[in-house]
Amino acid sequence: MSVSRNGWIAVAGLGSLALLAGAFGFQYLGGLAPCKMCLWQRWPHVAAVLVALFALAFGQWSKGSLMPALGALAALVSAGLGAYHTGVERGWWQGPSSCSGGAGGDLLRMDGPLDMVMCDTVAWQMLGLSMAGWNMLASLGLAAIWVMAARRAA
């Protein structure tokens, strides 16, 4: 059985929605507050869900591969942010001074939020990968699904 273009788009959009649901679940049910970079990784998934909804709802105006290309781009942006965040967590490179411990800067200010979540601290991991690492892998998979959608005839 062959999957249609709209089928691939639906799977990709639902994948991003599932990642967002998981992130919110960890945040609100698991009590793991997100850091600034975690929040950055969510926005491309929101964009991918909106692209999928638009492509499925207005298919007659979204012919061709533009919508799947936009969805793939959103997934790749989230994957890139996840890779960057993973590198910050592992100490491979410096993170933003506003949420990394070793950077100094505004972290030493006394008027900042007391409950700030540090971007260079791993709050949860499974099989040696943090949430940022898992997001990177899942986002790369979703980008591949978007490419499959782009390759299908409308």
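Up top you'll find the structure we're talking about.
Notes on the structure follow. (Residues numbered from 1 in each chain as written. Predicted model: local features only at pLDDT ≥ 70, side-chain atom pairs only at ≥ 80, totals over all residues. Heavy atoms only, no water.)

1. Notes on the overall build of the protein chain
Now for step 1: Tallying secondary structure elements over the protein chain gives four helices and two strands in all.
Now for step 2: Considering the protein chain as a whole, with its 154 residues, one finds that 34% of them fall into the buried category.
Now for step 3: Counted over contacts in the protein chain with a minimum sequence separation of 6, partners at least 24 positions apart contribute 70%.
Now for step 4: Accessible surface, the protein chain: about 8600 Å² in total, of which carbon and sulfur atoms supply 70%. (Helix = DSSP H or I, 4+ residues; strand = E, 2+ residues; numbered from the N terminus. Buried < 20%, exposed > 50% of the residue type's maximum accessible area, 1.4 Å probe, protein only. Contact = heavy atoms within 4.5 Å. Areas by Shrake-Rupley, 256 points an atom, 1.4 Å probe, with all protein chains shown as cover.)

2. Examining the packing of helix H3 (residues 66-90) against helix H4 (residues 131-151)
Relative orientation and spacing of two packed helices are given, respectively, by the angle between their axes and the distance between those axes.
Now for step 1: Where H3 contacts H4, the axes come no closer than 8 Å and their chain directions differ by 165 degrees. One way to sum up the angle between H3 and H4 is to call them roughly antiparallel. Taken as a pair, H3 and H4 cross one another with a handedness that is left-handed.
Now for step 2: Residue classes in the contact of H3 with H4 are distributed as 16 nonpolar, eight polar and one charged. (Axes fitted to C-alpha atoms, helices over the stretch in contact; angles between N-to-C directions. Parallel < 35°, antiparallel > 145°, perpendicular 65-115°, else oblique. Left-handed = near helix turned anticlockwise from the far one by under 90°. Nonpolar A, V, L, I, M, F, W, Y, C, P; charged D, E, K, R; others polar.)

Keep in mind these values describe shape, not function.
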